[in-house]
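Architecture and fold: a report
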Amino acid sequence: MLRYLVYRVASIVPVLLGVSVVVFLMMKLVPGDPAEAILGPAATTEKIEMVRRSLGLDKPFYIQYFRWLWKVLQGDFGSSIAVNVPVAQLVWPKFWNTVLLAGGSLVVCVVVGLVVGIVSGTRQYSWFDRLGMTSTLILANTPGFWLGLVLMVVFALRLGWFPATGMYSMRAADKTVADLLHHMVLPAITTAAVSAAIIARLVRSSFLDVIRKGFVTALRARGLSERDVILRHGLKNALPPIVNIIGLQVGYLMGGALFTEVVFSWPGIGLQIYSSIVARDLPVVQAAVLVTTFVFVLVNLGTDVIVAALDPRVRRA
Amino acid sequence: MSTAVDLPPLVEVQDLHTHFLLKKKVVRAINGLSFSVGRGEILGIAGESGAGKSVLCLSMLRLVPQPGRIVGGRILFEGKDLLGKSEHEMRGLRGQAISMVFEDPLNSLDPAFTVGDQIGESLMLHKAMTRSAARQKAGELLRLVGIPDPERRLDNYAHELSGGMQQRVMIAVALSCDPALLIADNPTTALDVTIQMQILDLVKQLRDRLGMAVLWITHDLGVVAKLCDRVVIMYAGKVMEAGDVYDVLKRPRHPYTRRLIDALPKLGHPEQRLIPIQGRPPNPADLPEGCPFAPRCYKVTAECRSQAVELVDTGDGRAVRCLHPEE
Amino acid sequence: MSVHERGLVETGQAEPLVAEAEMFRRPSEWWIFWEALSRDRLAVAAGGAILLICLVAVFAPLLSPYDPTVGDNSLRLAPIGTPGHLLGLDGQGRDILSRLIWGGRVSLAIALMPVTVASVLSVALGLIAGFFGGKVDMLIMRTLDVFFAFPAVLLAVAIAGVLGPGMLNVMLSITVVLVPYISRVAYMATVTVKNELFVDQARVCGAGPWQILFHYTLPNTLSPVLVYGTTLVGIMIVLGAGLSFLGLGISPPTPDWGVMCSDGRNFLSVAPHVSAVPGAVLVFVAMSFNLLGDGLRDALDPKLRK
């Protein structure tokens, strides 16, 4: 187990390096010269050259990359073009807001997915199963931004049960946890919906596979109760692919949160990326993508380790 | 024989019928099966594949999967009908008074739990042992079934063991709560012949030491000859012949039994031609009237095909279901 | 006739064997596949729906009742069922049904083109990496692993955002995001085939590497890619619409289902149908591709055939 852990941790280093290279190169894709973009159309060639030198753009690519990487590792992501504050200052608080939203969504999608999946899987062909499978099919194909709009119309605008936008109420005095949760409900459901559907379907099929396996009859022949057979043995066997897919969903949640944040004006990193793209404020986009991806890689690492802990056969690979 | 004739049998199956109710047809897996197992007796149930033998094992534990159902007959265990018991009472018997060993050990052991965990689970459930006491008993059980270095094996997973060892583990699990009856569904088919012999020896020794009765299902008459005290020959969900093992194998009365024995190669007769039985077992969804073996029988007459044949007790501990038995 | 069969004919043993071979001649793989697929009613219905939608998109100029870019301000935000406008009008008085029909072209193209292009690239990459193994394998797969590290949606948004607005940029971005995923499917299929016994047999009979590649490996790689690709089209329709929703795609007034949802955001309380209708269409189309993909997978799976 330890060996697997060390191996897995070591393997993310080259990946993270590769990610940094891709992010760096992505910024180089931007059409047009950045110095010209900063100075505007009236710039003279000398001024452009000066700005380019000050930005280090005259050096070869790999030197630019290493300089940039060095700064990033120290937490310096440069300055935002639009707002003229250090990018880090802009990005970090938003990042935690997204973590909150993603966390809430994760809880929703795992709980709903597991419950619906287990009940459907153990009661195949029942009305619950049919209803569950139809709804998950529809939900899995629903665009997050559209679902958010629909929920907003019905539950916020028409029924008034939940607020339509934002993370907290406008009045500063109301920044309680309850207020936060109240604002989180619709966005979390929106973000979680597709993942919950995917998880439910997978849990169901995983359970069906397990239940059909021979050892289930053998377990019953030992006098174990149905509950023990399903929840103790069935779950442990069905869990590895489930944990795997939950890990995959975290990536989707982080991406899907972007649409939710835009729709509900949730001040997270997704919304930040969106507004920075609109404002062509690319250093911010760069930093946001880098941070989010980094966290995603770590989460995947965690998932793999958990799967290996649950399924002894994986560790051999 | 190792049982006293006047003690009531441990298990008495009377006219058992187990059917599978499919959308367009009914599969009659067991059609009026009757036999008994005495205390401490090893009874073999032999027949070709598809005769309903596995269904019989599941029926005895009332674990027949949907769409199967036991539709008739009685299964008396220690005098009481199992078919009248509640599911709760059955759970109390499974793994305790009656336990089972399956054909494929890899498919009968949970791959996600260690061997020790699984043996211990039964012990903690049925005997209310503590975890440490269960672990210790599990180690003793592994030693009992002949697994070397048992303490280390407790922490192994099923896929880390060889086929023979897996089957021994299965037996250990089955014996953990001192069953009165051990049902074994063809547990040695997947094993090498030498390992198979070891397991058969082991089972005989365990029966001698612990006194449990064994119901051993197989299609291999060689196994029956080596292991069993009595044998029941099964065909199309019915008993065709029953009796003491040596009697039946030396002087078979039913033509089917005769054919089964003829199909076996015999040591020392290299020139012998193997005679397979012509035809195939009947489709349990579409059973013919009269004797089910009639289409393949060398002694068949018109009566055989038209009238139902009863199982006749011929005294001397034997029974035959045939209108024209040998001898 | 194969080499084996020819040899048998020449030595005079062939006649009864060839006759027997005729008796056992199986219907072609294609026929088996079509037969299996046509039995899956849900997949057939989905396929039919997709065909219909594609036809509507292609024949948009003929089928669309109104010009999708011209608005009638007097009828702004008219609800569903307004006479002459089955699905109502949007915030600028444009007929929603017409915009849906024309929008189908863009929304379908955003999904179909990138999946097709990415599939071709990926099959090539997967075949090369899987078949030749060794350093080539490592180089290709490790590079793709880096792209796998990004959350897909995030990467798509970032690339499209950085490149700037425009259909081509969106398609390019989606293609880049898709290549690692499809490549992995192609790669695993290639490796599986490579390790199959029949490839060893073919090699023993003298088949060269290119022959093995094209005759055995390629066809066996195409089926999983086809199945995966079909399901991906459904997902990309949703993602593409999402990118359009964010304003990263086509420029107004060209309609597209994502942009239509975005247009309706300002009128949610008074006229929710402006956003709701295009979204519902998205769900329906995506679901159809999803179901078709499932049907293809089941029809191509040899274990599920009779």
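Since the structure is predicted, the reported quantities are computational estimates derived from the model, not experimental observations.

1. Points about the overall build of chain C
The secondary structure content of chain C amounts to 13 helices and 0 strands. Starting at the N terminus, the α and β elements of chain C follow one another as α-α-α-α-α-α-α-α-α-α-α-α-α. Every one of the 306 residues in chain C was classed for burial, and the buried ones make up 42%. Taking as baseline every contact in chain C between residues at least 6 positions apart, the subset at least 24 positions apart corresponds to 69%.

2. Looking at the overall build of chain A
In terms of regular secondary structure, chain A is built from 12 helices and 0 strands. Referenced to the eigenvectors of the C-alpha coordinate spread, the extents of chain A come out at roughly 85 × 55 × 35 Å. Within chain A, buried positions represent 40% of all 317 residues. Put simply, 71% of the contacts in chain A that link residues at least 6 apart link residues at least 24 apart.

3. As for the interface of chain A and chain B
Facing the 18 residues of chain A at the interface are 22 residues of chain B. Listing elements by their share of the side of chain A that touches chain B, those giving two or more residues are α9 (214-221) and α10 (226-264) of chain A. Top element by residues in the side of chain A that touches chain B is α9(A). It accounts for 7 residues. Each residue belonging to the side of chain A that touches chain B can be placed in one class, and the counts come to 6 nonpolar, 6 polar and 6 charged.

4. Quick notes on the environment of Val259(C)
All names here are of chain C. By the element assignment, Val259 lies in helix α12 (residues 257-263). Judged by the 26 C-beta atoms lying within 10 Å of it, Val259 falls in the buried class. The spatial distance from the C-alpha of Val259 to the C-alpha of Gly240 is 10 Å, given a sequence separation of 19 residues. The residues contacting Val259, other than those within four sequence positions of it, are Ser244, Phe245 and Ile250.

5. Quick word on the packing of α10(A) against helix α11 (residues 269-278) of chain A
For any two helices packed against each other, the geometry is given by the interaxial angle and the distance between the axes. Residues and elements named next belong to chain A. Relative orientation of the contacting elements α10 and α11 amounts to 75 degrees, with a least axis distance of 7 Å. Classed by the angle they form, the pair α10 and α11 counts as roughly perpendicular. Where α10 abuts α11, its residues Ala257, Leu258, Glu261 and Val262 lie against Gly270, Leu271, Ile273 and Tyr274. In terms of residue class, the contact of α10 with α11 is made up of 6 nonpolar, 1 polar and 1 charged.

6. Describing the sheet that holds strand β4 (residues 68-77) of chain B
Where strands meet in a sheet, backbone hydrogen bonds hold them as pairs that are either parallel or antiparallel. Residues and elements named next belong to chain B. With respect to topology, 4 strands assemble into an open sheet ordered β2-β1-β4-β5, the strand pairing being antiparallel. A single partner strand is all that each edge strand has here, and the edge strands are β2 (26-37) and β5 (80-81). In this sheet, β5 lies alongside β4 in antiparallel orientation, the contact comprising 2 bridges. The partner of Leu76 across the bridge, within β5, is Asp81.

7. Remarks on the packing of helix α3 (residues 115-126) of chain B against helix α6 (residues 163-175) of chain B
Residues and elements named next belong to chain B. Running from amino to carboxyl end, α3 crosses α6 at an angle of 20 degrees, the nearest separation of the two axes being 8 Å. With respect to their mutual orientation, α3 and α6 come out roughly parallel. Once α3 is placed against α6, the crossing between them reads as right-handed. For the pair α3 and α6, contact is made by Val115, Gln118, Ile119 and Ser122 and by Val169, Ala172 and Val173, respectively.

8. With respect to α6(B)
Residue and element names in this part refer to chain B. Compared with the 18 Å implied by 1.5 Å per residue over 13 residues, the 18 Å span of α6 between its first and last C-alpha is a close match. Taken across its 13 residues, α6 has 12 buried, putting it largely inside the fold. Those residues of α6 that sit buried are Gly164, Met165, Gln166, Gln167, Arg168, Val169, Met170, Ile171, Ala172, Val173, Ala174 and Leu175. Along its buried surface, α6 packs onto β6 (98-101), α3, α4 (131-144), β7 (181-185) and α7 (193-210).

9. Side note on the sheet that holds β6(B)
Residue and element names in this part refer to chain B. The sheet built from 8 strands is open, its strands ordered β6-β7-β8-β3-β9-β10-β12-β11 with mixed pairing. Since the sheet does not close on itself, it has two edges, and those belong to β6 and β11 (312-313), each with one partner. Examined bridge by bridge, strand β9 (residues 230-235) and strand β10 (residues 238-244) share 6 bridges and lie antiparallel to one another. Residue pairing for β10: Val231 is matched across the bridge by Gly243.

10. Considerations on the interface of chain C and chain A
Contacts between chain C and chain A engage 34 residues on the former and 39 residues on the latter. Of all the elements in the fold, those that place two or more residues in the side of chain C that touches chain A are α7 (134-148), α8 (152-163), α11 (209-245) and α13 (273-300) of chain C. For the side of chain C that touches chain A, the element with the highest residue contribution is α8(C), accounting for 9 residues. Tallied by class, the residues present in the side of chain C that touches chain A amount to 24 nonpolar, 8 polar and 2 charged.

11. With respect to the nonpolar core
Within the largest apolar cluster, 148 residues are counted, with the highest numbers of intra-cluster contacts made by Ala156(C), Val157(C) and Ile237(C). The biggest single contributor to this core is helix α8 (residues 177-212) of chain A, with 16 residues. Counting residues in hydrophobic clusters, the runner-up holds 97 residues, among them Ala218(A), Met100(B), Met212(B) and Phe293(B).

12. Let's talk about the confidence of the model for chain C
For chain C, per-residue confidence averages 82 on the pLDDT scale, and 84% of positions sit at 70 or higher. Scored as a complex, the prediction yields pTM 0.78 and ipTM 0.85.

13. Quick look at the arrangement of the chains
Across the 2 pairs of chains in contact, the largest number of contacts is found between chains A and C. One finds no contact linking chain B with chain C; the least C-alpha distance across the pair is 18 Å.

14. Description of the pairing of β2(B)
Two strands pair when backbone bridges link them, and strand β1 (residues 11-21) of chain B and β2(B) are joined in this way by 9 bridges, in the antiparallel orientation. Looking at the pairing, Val13(B) lines up with Phe35(B) of β2(B).

15. Quick look at the pairing of β6(B)
Residues and elements named next belong to chain B. Covered by surrounding structure in β6 are Ile98 and Met100 together with Ser99 and Val101, the residues of both alternating faces. Judged from the 4 bridges that link them, β6 and β7 form a sheet pairing that is parallel. Bridge pairing links Ser99 to Leu182 in β7.

16. Points about unusual backbone geometry
For the peptide bond that leads from Gln66(B) to Pro67(B), omega is 0 degrees, which places it in the cis range. Its place among the elements puts Pro67(B) in the loop between α1 (53-60) and β4. Even without glycine at this site, Arg280(A) takes up a positive phi of about 55 degrees. Mapped onto the elements, Arg280(A) comes out in the loop between α11 and α12 (282-310). The backbone phi angle of Asp178(B) is positive, close to 50 degrees, even though this residue is not glycine. Within the secondary structure, Asp178(B) sits in the loop between α6 and β7. For Asp178(B), a count of 13 C-beta atoms within 10 Å gives the class partly exposed.

17. Let's talk about the environment of Pro219(C)
With respect to the helices, strands and loops of the structure, Pro219(C) is situated in helix α11. Residue Pro219(C) is classed as exposed on the basis of its 11 C-beta neighbours within 10 Å.

How each quantity is defined
Residues numbered from 1 in each chain as written. Chains lettered and ligands numbered in written order. Predicted model: local features only at pLDDT ≥ 70, side-chain atom pairs only at ≥ 80, totals over all residues. Helix = DSSP H or I, 4+ residues; strand = E, 2+ residues; numbered from the N terminus. Buried ≥ 20, exposed ≤ 12 C-beta atoms within 10 Å, placed from the backbone. Contact = placed C-beta atoms within 7 Å. Nonpolar A, V, L, I, M, F, W, Y, C, P; charged D, E, K, R; others polar. Axes fitted to C-alpha atoms, helices over the stretch in contact; angles between N-to-C directions. Parallel < 35°, antiparallel > 145°, perpendicular 65-115°, else oblique. Pairing = 2+ DSSP bridges. Left-handed = near helix turned anticlockwise from the far one by under 90°. Expected span 1.5 Å × (residues − 1). Core = buried A, V, L, I, M, F, W, Y, C linked by C-beta atoms within 7 Å. pLDDT = per-residue confidence, 0-100.

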